[in-house]
Amino acid sequence: MKITDAKVFVGGPGKNYVTLKIYTDAGVYGLGDATLNNRETLPAKYLEDYLIPVLVGRDPRNSEDIWQFFYRGAYFRRGPIAMAAFGAIDTALWDIKAKLAGMPLYQLFGGKSRSGAMVYAHATGADLDTLVESIAAHVEQGYKAVRVQCGIPGMPVSSYGVADKREDSKHYITDFGGIQPKIEIWDTERYLRYMPDALTAVREHFGPDLKLLHDVHHRLLPREAAQFAKTVEPIGLYWLEDPTPAEDQSALRYLRQHSTVPVAIGEVFNSVWDCKQLIEEELIDFIRVAVTYAGGITQVKRIVDLAGLHHVRTGFHGAPSHSPISMAAQAHLNVWAPNFGIQEYLVLGTPECDALFPSDHTLENGMFLVSDEPGLGVDFDEKQAQRYQYAAGSHPVVRLQDGTLWNY
Ligand code: KDG
Ligand code: MG
């Protein structure tokens, strides 16, 4: 059995999804997602120039060997661009394997450990009242867990994860108005003064059962993060995400010594090596890697297994940038993983997105219910894909009030 061709498609409704389709001589094809948010053309180019020409002719069933071949063969290993490209190939090969087996993908991992995966949605408000409304709307729809991000009084531009307007809430991460980034202003002191009270008010309003998550998006120094974690401890957060910049992993030791707040990290990690120290030292509670740019299913499954040895649960990244292909791959991992925690899930299901990626995965009462179709259970409509093309976009860039650059 041989791979006969592979194509890359860039574009989508309001997103630059990077979709890989691998064709075989057995009449079965596989799908992968290499959407590296805001740098989408790079994994696409990596696939087209360096990987696809070497992939054609290989046996698609040897997904492990193909992964190792590209990873070791690159010599300059890891990094989000390469890992997104390898990940797309790997996901497509698992899709092919499961289709050949005539089974939904989760069966190849060991079957279902649960009926569905609890997801969390994003609630956002430029002020506390709007945030409370946004949370209430999610609770009404059946969500058991929400991430809460709130504007900070006196902050000149809204802070991370805060939509200026309610209808912006799914698009605040990327501005598709061109390659020139918007500037956000950050003020740690105001954040530290305001956010604990805002989170307390939310907890009091919604009671003890709703799972509340909060994303600091790498903005605090280790001592500030420890102080924040200690202060918000009585609120009973489900997790505190990315309290410090991801590069300095030992910073988490300081936080751990001062607080028992559950910590979630890893959305910018690309390999098991990035996760190793945090997991082995038990400095985190949830690992946030994504199939999209952490090397695909082969690599992420390895990370999940390592995490399981250290009581670390999964909380895969699921920002709106991921396409339904990698969200489906994660859904299969989620129903299998013995150490599953929660899944971030921003409903992608606009009619345009459903037409481009038809699937019968469903979301019911805040639970993601995985399809039982053979493979990933998601398809890609090449005709629909012709409607879309790449649009330049950018994440915001963050500065302090005096102009100093800070972490987005
Ligand atoms: O591309 C960057 C986004 O994926 C990121 O900012 C979203 O932090 C994020 C989250 O938790 O979803
Ligand atoms: Mg995050």
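All figures in this text were calculated on a predicted structure; none of them were measured in a lab. (Residues numbered from 1 in each chain as written. Chains lettered and ligands numbered in written order. Predicted model: local features only at pLDDT ≥ 70, side-chain atom pairs only at ≥ 80, totals over all residues. Heavy atoms only, no water.)

A. Inspection of the packing of helix α1 (residues 41-55) against helix α2 (residues 63-73) at higher detail. Here α1 crosses α2 at 145°, and the two axes come no closer than 12 Å. You can see that α1 and α2 cross each other, and the crossing is right-handed. Taken together, the residues of α2 that come into contact with α1 (itself represented by L51, V54 and L55) are I66, F69 and F70. Of the residues in the contact of α1 with α2, the class split is 6 nonpolar, no polar and no charged. (Axes fitted to C-alpha atoms, helices over the stretch in contact; angles between N-to-C directions. Helix = DSSP H or I, 4+ residues; strand = E, 2+ residues; numbered from the N terminus. Left-handed = near helix turned anticlockwise from the far one by under 90°. Contact = heavy atoms within 4.5 Å. Nonpolar A, V, L, I, M, F, W, Y, C, P; charged D, E, K, R; others polar.)

B. Fine view of the coordination of the magnesium ion (ligand 2). Surrounding the magnesium ion (ligand 2) are the protein donor atoms D215 (OD), E241 (OE) and E267 (OE), at 2.0 to 2.2 Å. The motif formed by the donor residues of the magnesium ion (ligand 2), counted along the single chain, is D-x25-E-x25-E. Placement of E241 in strand β8 (residues 239-241) and of E267 in the loop between β9 (263-265) and α9 (272-280) is noted, with a sequence separation of 26 residues between them. Assessed through its relative accessible area of 0%, E241 is described here as buried. We classify E267 as buried; its relative accessible area is 9%. (Donors = N, O, S within 2.8 Å, 3.2 Å for Na, K, Ca; no water. Buried < 20%, exposed > 50% of the residue type's maximum accessible area, 1.4 Å probe, protein only.)

C. Region of interest: the packing of aromatic side chains. By the definition in use, this model includes 19 aromatic pairs. Both rings, one in Y46 and one in F86, keep their centres 5.9 Å apart while their planes meet at 85°; by these two values the pair is edge-to-face. Of this pair, Y46 sits in helix α1 while F86 sits in helix α3 (residues 80-101), placing them 40 residues apart in sequence. For the pair formed by Y46 and F86, the shared burial category is buried. Members of the aromatic cluster, each reached through a chain of ring pairs, are Y46, Y50, F69, F70 and F86. A cation over a ring is seen here: K99 above Y29, with NZ or CZ 4.3 Å from the ring centre. Lying across the ring of W186, R219 places its NZ or CZ 5.1 Å from the centre. (Phe/Tyr/Trp six-rings, centres within 6.5 Å; stacked < 30°, edge-to-face > 60°. Lys NZ or Arg CZ within 6 Å of the ring centre and 35° of its normal.)

D. Representation of the domain arrangement of the chain in the model. Splitting the chain by domain gives domain 1 (3-107) and domain 2 (110-376). The distance between the C-alpha centroids of domain 1 and domain 2 comes to 25 Å. With both chains or domains summed, domain 1 and domain 2 bury close to 3200 Å², and 60% of this area falls on carbon and sulfur atoms. On the domain 1 side of the contact with domain 2, Y17, D33 and Y106 bury the most area, a combined 22% of that side's loss. For the interface between domain 1 and domain 2, the tally reads 2 salt bridges. The partner of R302 in a salt bridge is E64, and the shortest N-O contact between them spans 2.8 Å. Linking domain 1 with domain 2 are 17 residue pairs in polar contact (both at pLDDT 80 or more). Of all the secondary structure elements, the ones that give two or more residues to the side of domain 1 that touches domain 2 are β3 (29-33), α2, α3 and α4 (106-109). At 10 residues, α3 tops the list of elements feeding residues into the side of domain 1 that touches domain 2. (Domains from an automatic or database assignment. Buried area = accessible area lost by both parts, 1.4 Å probe. Salt bridge = Lys/Arg side-chain N within 4 Å of Asp/Glu carboxyl O. Polar contact = N/O pair within 3.5 Å; in protein donor to acceptor, adjacent residues only side chain to side chain.)

E. Looking closely at the sheet that holds strand β15 (residues 397-400). The 3 strands are arranged β6-β15-β16 in an open sheet whose pairing can be described as mixed. Of all the strands in the sheet, the pair left with one neighbour each is β6 (183-186) and β16 (405-406). Relative to β16, β15 runs antiparallel, the two sharing 2 bridges. Across the sheet, residue V398 finds its bridge partner in β16, namely W406. (Pairing = 2+ DSSP bridges.)

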